[in-house]
Structures are given as C-alpha cells and as structure tokens.
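# Inside the fold
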Amino acid sequence: MTENPDFTIKVLHVASELAPLKKTGGLGDIAAALPKALRALGADARAVLPAWSGVLDEASERGYLRKKSLGRLSVALNYRPYSARVWKVVCEGVPVYILEQPELFGADNIYPDGIGADAALPFIFLSLAALELPETVGWKPQFMHAHDWQAAALPAALRWHKYYAPRSNSDYDTIFTIHNIAHQGIFEHSGLEGWGFSSEAFNAANSGSMEFYGHLSLMKGALTSCEAITTVSPRYSLEIQTPDYGFGLDGVIRDCNRKLGGILNGIDRDIWNPANDMLIAKNYDADNLSGKEACRSALLKRLCWQDDGRPLLAFIGRLAEQKGVDILLEALRTLTEDARLIVLGSGSAYYNNRLEHMERDMPDALYNFNGFSEELAHMVYAGSDIFLMPSLFEPCGLSQLIACAYGTVPVARATGGLADTVLDVEESRDGNGFLFCDYSADALLGAVKRARRAWGERDAWQEIMRSAMKKDFSWEASARRYIELYNDILTS
Ligand code: ADP
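Treat the numbers as computed from the prediction; the structure is a model and nothing was measured.

### Remarks on the overall build of the protein chain
Looking only at helices and strands, one finds 20 helices and 18 strands in the protein chain. Over its C-alpha atoms the protein chain spans a radius of gyration of 23 Å, differing by no more than 12% from the 23 Å that the globule rule assigns to 492 residues. For the protein chain, the spread of C-alpha atoms along the three principal axes comes to 65 × 50 × 45 Å. Contacts spanning at least 24 positions in sequence make up 73% of the contacts within the protein chain whose residues lie at least 6 apart. Put simply, the protein chain shows about 19600 Å² of open surface, and 48% of that area lies on carbon and sulfur atoms.

### Description of the confidence of the model for the protein chain
Across the protein chain, the average pLDDT comes to 95, with 98% of residues at or above 70. Predicted confidence for residues 1–5 stays below pLDDT 50, and this span has nine contacts to residues more than four positions away or in other chains.

### Notes on the site of the ligand
For the ligand, the set of nearby residues contains 22 residues, the closest of which are Gly 26, Asp 29, Arg 318, Gly 371 and Tyr 381. Between the ligand and the protein, one listed contact pairs an oxygen atom with a backbone N or O atom of Leu 398 at 2.9 Å. Within the backbone of Ser 399, a nitrogen or oxygen atom sits 3.2 Å from an oxygen atom of the ligand. Considering the ligand on its own, with 560 Å² of exposed area, one finds that the protein chains cover 94% of that surface. Looking at the shell around the ligand, the elements with two or more residues in it are α1 (26–40), β13 (312–319), β14 (340–347), α15 (374–383) and α16 (399–405).

### Notes on the sheet that holds strand β7 (residues 173–178)
Spatially, nine strands are ordered β3-β4-β5-β2-β1-β6-β7-β11-β12 in an open sheet, and the strand pairing comes out mixed. Of all strands in the sheet, those bounded by a partner on one side alone are β3 (71–77) and β12 (260–262). On average, each strand axis in the sheet is inclined to that of its neighbour by 25 degrees, with strand direction left out of account. The strands touched by helix α4 (residues 121–137) within the sheet are β1 (10–14), β2 (44–50), β3, β4 (80–91), β5 (94–100) and β6 (143–147), with β3 carrying the most contacts at an inclination of about 135 degrees. This element, helix α8 (residues 218–225), spans β7 and β11 (228–231) of the sheet and lies at about 130 degrees to β7.

### A closer look at the sheet that holds strand β9 (residues 211–212)
Pairing in this open sheet of three strands is antiparallel, and the strands run β8-β10-β9 from one edge to the other. On the outer flanks of this sheet lie β8 (186–187) and β9, each paired with one strand and no other. Relative to strand β10 (residues 215–217), β8 is paired through two bridges, and the arrangement is antiparallel. Along β10, the bridge assignment pairs Ile 186 with Ser 217. In the packing of α8 onto the sheet, the strands contacted are β8, β9 and β10, and the crossing angle to β10 comes to about 50 degrees.

### A few points about α4
Taking 1.5 Å per residue as the helical rise, α4 with its 17 residues ought to reach 24 Å, and the 23 Å between its terminal C-alpha atoms agrees with that figure. At Leu 131, α4 shows its largest kink, close to 40 degrees, and the proline Pro 134 lies no more than four residues downstream. In terms of burial, α4 is a largely internal element, 15 of the 17 residues being buried. Positive phi shows up at Gly 138, right after α4, with a value of about 70 degrees.

### Things to note about the environment of Arg 429
On the secondary structure map, Arg 429 appears in the loop between α17 (416–421) and β18 (434–436). Once the C-alpha coordinates of Arg 429 and Leu 128 are considered, the two residues, 301 residues apart in sequence, prove to be 50 Å apart.

### Observations regarding the state of the cysteines
For the structure on display, the rule yields zero disulfides. Here Cys 295 is not cross-linked by a disulfide; its sulfur's nearest cysteine counterpart is in Cys 404, at 17 Å. A disulfide-free cysteine, Cys 304 has its sulfur positioned 18 Å from the sulfur of Cys 295, the nearest such atom.

### Quick word on the nonpolar core
A general tendency of soluble globular proteins is for nonpolar side chains to be buried together. Of all hydrophobic cores here, the largest spans 95 residues; its most connected members are Leu 38, Leu 341, Tyr 381, Leu 388, Tyr 406, Val 411 and Trp 461. Looking at which element gives the most residues to this core, the answer is helix α18 (residues 441–455), with nine residues. Counting 85 residues, the second-largest nonpolar core is a separate cluster that includes Leu 12, Val 55, Val 94 and Met 144.

### A short note on the packing of aromatic side chains
Under the criterion given, the structure shown has 18 aromatic pairs. Taken together, a centroid distance of 5.1 Å and an interplanar angle of 70 degrees make the contact between Trp 52 and Phe 105 edge-to-face. Taken as a pair, Trp 52 in the loop between β2 and α2 (55–61) and Phe 105 in helix α3 (residues 102–105) lie far apart in primary sequence, 53 residues in all. Across the pair, Phe 105 and Trp 52 agree in class, each one buried. Through successive ring pairs, a cluster of aromatic residues spans Trp 52, Phe 105, Tyr 111, Phe 123, Phe 125, Trp 149 and Phe 187. Across the ring face of Tyr 82, the terminal group of Arg 80 is positioned such that the distance to the ring centre comes to 3.7 Å. Directly above the ring of Tyr 172 sits Lys 140, whose terminal nitrogen or CZ lies 5.2 Å from the centroid.

### Focus on the packing of helix α13 (residues 325–335) against helix α14 (residues 349–361)
Between α13 and α14, whose axes approach to 11 Å, the crossing angle comes to 15 degrees. Comparing the axis directions of α13 and α14 gives the class roughly parallel. The two elements α13 and α14 meet at a crossing, and its hand is left-handed. Two secondary-structure elements touch here, α13 through Val 325, Asp 326, Leu 329, Leu 332 and Arg 333 and α14 through Tyr 351, Arg 354, Leu 355, Met 358 and Asp 361.

What counts, and at which threshold
- Residues numbered from 1 in each chain as written.
- Predicted model: local features only at pLDDT ≥ 70, side-chain atom pairs only at ≥ 80, totals over all residues.
- Heavy atoms only, no water.
- Helix = DSSP H or I, 4+ residues; strand = E, 2+ residues; numbered from the N terminus.
- Rg over C-alpha atoms; globule rule 2.2 N^0.38 Å.
- Contact = heavy atoms within 4.5 Å.
- Areas by Shrake-Rupley, 256 points an atom, 1.4 Å probe, with all protein chains shown as cover.
- pLDDT = per-residue confidence, 0-100.
- Near = heavy atom within 4 Å.
- Polar contact = N/O pair within 3.5 Å; in protein donor to acceptor, adjacent residues only side chain to side chain.
- Pairing = 2+ DSSP bridges.
- Axes fitted to C-alpha atoms, helices over the stretch in contact; angles between N-to-C directions.
- Expected span 1.5 Å × (residues − 1).
- Bend = angle between axes of the 7 residues up to and from the residue.
- Buried < 20%, exposed > 50% of the residue type's maximum accessible area, 1.4 Å probe, protein only.
- Disulfide = S-S within 2.5 Å.
- Core = buried A, V, L, I, M, F, W, Y, C linked by side-chain atoms within 4.5 Å.
- Phe/Tyr/Trp six-rings, centres within 6.5 Å; stacked < 30°, edge-to-face > 60°.
- Lys NZ or Arg CZ within 6 Å of the ring centre and 35° of its normal.
- Parallel < 35°, antiparallel > 145°, perpendicular 65-115°, else oblique.
- Left-handed = near helix turned anticlockwise from the far one by under 90°.

Put into structure tokens, the structure is as follows:
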C-alpha cells in the first residue's frame, strides 16, 4: 500500500488481539474494525499485534503476509535485549505490523492467570516495542492508541521509563481505551526496575503512580499518564466512576474524568451482515426475511433438533461471571419449559461442567457447545430467534449488536453498553429488544417471558426484527467521534 500524502491523522493502534488473526473476544473485533473505519474517513490508522502462535500462519493462509520481513526491533527487558522480527500484513486494507518473538508470544493461552512479574513480560514488550516500531518501519504516527491493560505500559512508559520518557515524551499523544476495567493488569511490582521504569512509577505518595494496594496496576499507570481516556460506551464511562463498577479504580477515574469520554463500539458490516454472509445458509435482509427461516432450519439440522414450535434462544459469549452466566444457569430450567437454548461459550470449566450436566438432563432443550467457533457463531446469530445477554456488567457488548443485525432480538440487562444500544419495545415504537434491570434469574425470566409472548405474534415480531436490523451500529459514526478526539488533542 502506498502512503496517502493527504493523511492528516496518523495513529498506531496497540492491542493484544486483532481479528481474524487473533480473537478471544470483542477486543479483537474492535482492534481490527476501528482502524479500518478510521482509514475510511481518511486517517492513516495502523495496528501492531504480537505473533501469538498461529497468527503468522493465519495471515499467510489468508494471503495477507508480505514475503519479506521489515527487519528487527529490540527492547531491553530484565537487563537483556529481546528482539522481534517485524512483519507487515495488510488486513482488510489496514497495515498491521506483527511482532514475531516466540519466547514471549509462544503461549497458547495468551492471557496470564498469575500476577508474577514475568507474566506481564509479553505485554510490557508489546507496549515498548510499539515505541520502537516507527524507526524500524519508517512510519511515524502522532498518536499511540493503546487498548486495555495489555497495552497500558505504553502511556506509562512515556512518563516514567528511564529510556523512553526523555526520548519520546513530546513525540506522541496517547489515547487509552478501556474495554473492560475488570481486567487491569495487576502484577507484582518487582519487575518494574528490570523493565526500565524509574522508582517514581511506583511511588505511593504520588496518587498518579502505578501503585495499587501494594501491587502494580498497568491500567492505573495508563489512566494517569495518557492524554485522553475513552470507554467503549457512554454509559460505561459513567458507571466506572462508581464503586460498584470501578473495580477499585473508580476514584482514579473520577480524578481523570476531564479527559474521559464514552464512544460506542460498532460492528464491521463487511463481516456481520446477513445480506452477504457466506457462513450462513441463506442471505436475507430487513426487507426480505425469508432467508432467516432457512438459516433457522439449517441451525436446527446442525443441532440434530426437529422444529417443535419452540423459539430458539441463544447465548454467545465468554463463560464468565461478567456475562451473567450465574443467573442464566439459575433460570435455565424454567427458561426451557417453552423455549430451547443454544450456548456457544468458552471460559470457566465450572460453568461448562454445569452446562454439560444440564445438557445431559435435557438434550432436547439445551445445546451446549464449549469452545470458540466463528463459523458456528455466524450460524447461531442468523438461525436463532432471541439473543440472551444477561450481563452483570457490560462495557459495550458486541454480541447484542451483531444479534440485532441478524434480526435476532436481544433480551438484555440494562447495564453499560447494553443500556445504550437496546431500547425496550414496550418503551418505544422503534424498540429493538427487551430489557430487565435487576441482576436476578427472576428478572431475566420476566423479560424472556415478554419476548416469548411477542415472538408468538408473527407480524408484530417481524416488525421488532426489522427495527433491530435497521439500527445503525456501523462503525462510521463512532470513528468520526475518534477523529474529533484526535483533532481536539492536536489543536489543544
Ligand atoms: P467480550 O466481553 O468478550 O469482549 P463482546 O460482546 O464485546 O464480549 O464481544 C464478544 C465477541 O466474541 C463477539 O464477536 C462474539 O460473537 C464473540 N464470541 C464470544 N464467544 C464466542 C465463542 N465461543 N465462539 C465464537 N465467537 C465468540
């Protein structure tokens, strides 16, 4: 790709995932879709991604990979150099630099369980390597846009790193996006010195330091060091300022709220669009819903279920407390009295065991797929009737947006991005789903009951489906907000 000289905004997105090369959740979708949407608006947005195992193979199979690497970069960590080969791929028009460093990025499980300092090393490397990248690749952004704790050491390094702070502090403005404040990158602080950070970075007397109850919080360091903070929905930017949602950082967020704003995520309509999705049985759109019926039949067939007149409910997401799995499990028996449920989830073995157990009990009402399957996800979004999102908290949530695009009507708890994107059909003529407030199985069952009843009235239901499908959850409006933010920083 040749560089467009008209680009005024140059931004490097730094994230640990980027779909389709690596994805464990919404972060992977966003790290790919946001730069793409920014480029469509004329910004020169690029991304950097670790070569986790399989990433280079995937890039090569998709024909994204250039034959020759761009060279190597090196970062000093723990008093030795860690070097990475830098590859360039063009992923849906977005230049993505991939860092090949097998020693740090070789794990299958990319996120650590423990808090030992060494567990942070791959992410410290990613953050510091992003600062080395411009020299290696010959392209220099004005903005470093770091996503979540995995890239949080980048803004912090521009403030406290003995080498990078004096060298590049004035070179880059940094934006930090919180995708989920529940995961903050908390580690033992013993690593800091070896990573090159000054002792000021952990000076508890300084309320802006990375010190967090005796440990190191990478996210706190980014929040207090960056130029601007965004969350992935407006509602979430308010929620995290409260103790219930701030996971201990609510005070820090309140202190930083002058530079905080919420910008809603979108979905990539080139990927999530029933009108041209190659992974579903038949294409359809809001004006012709007949294809959805075919998708429903195909899904039933795949699950070896006959259509018995019950609606198909679906849950696609991480099996984690955040996603409301506890109340879903509690509600399950009542829920499946007059509906069937498909669960596509990965994560906690505890939840999966409980689901497997219940599936054995009622194989005709519950289908549990444990694992991550993009292909099955497309089939389930297209073939189901109602989508469940009973989250305890939800920074934005992409699944309900995707479900809407496929005319699969969401039943969601009114929290975070769910409250920003789902409008209850009883509250508004162009409602696109069913909301409940209390975090309880009863409240979930109440909302499902309302949805179940509405589903029984075919014409009215089709209107709700259309209303869901017509909501504009594309990236364009959100990408414009990011451009405004970059421009505001440039002119401030
Ligand atoms: P998260 O909190 O995990 O980021 P989001 O709703 O923002 O939740 O994004 C979840 C993304 O991951 C969606 O694209 C969803 O379709 C996908 N996803 C989640 N679990 C699975 C799974 N088991 N198989 C396939 N896709 C999944």
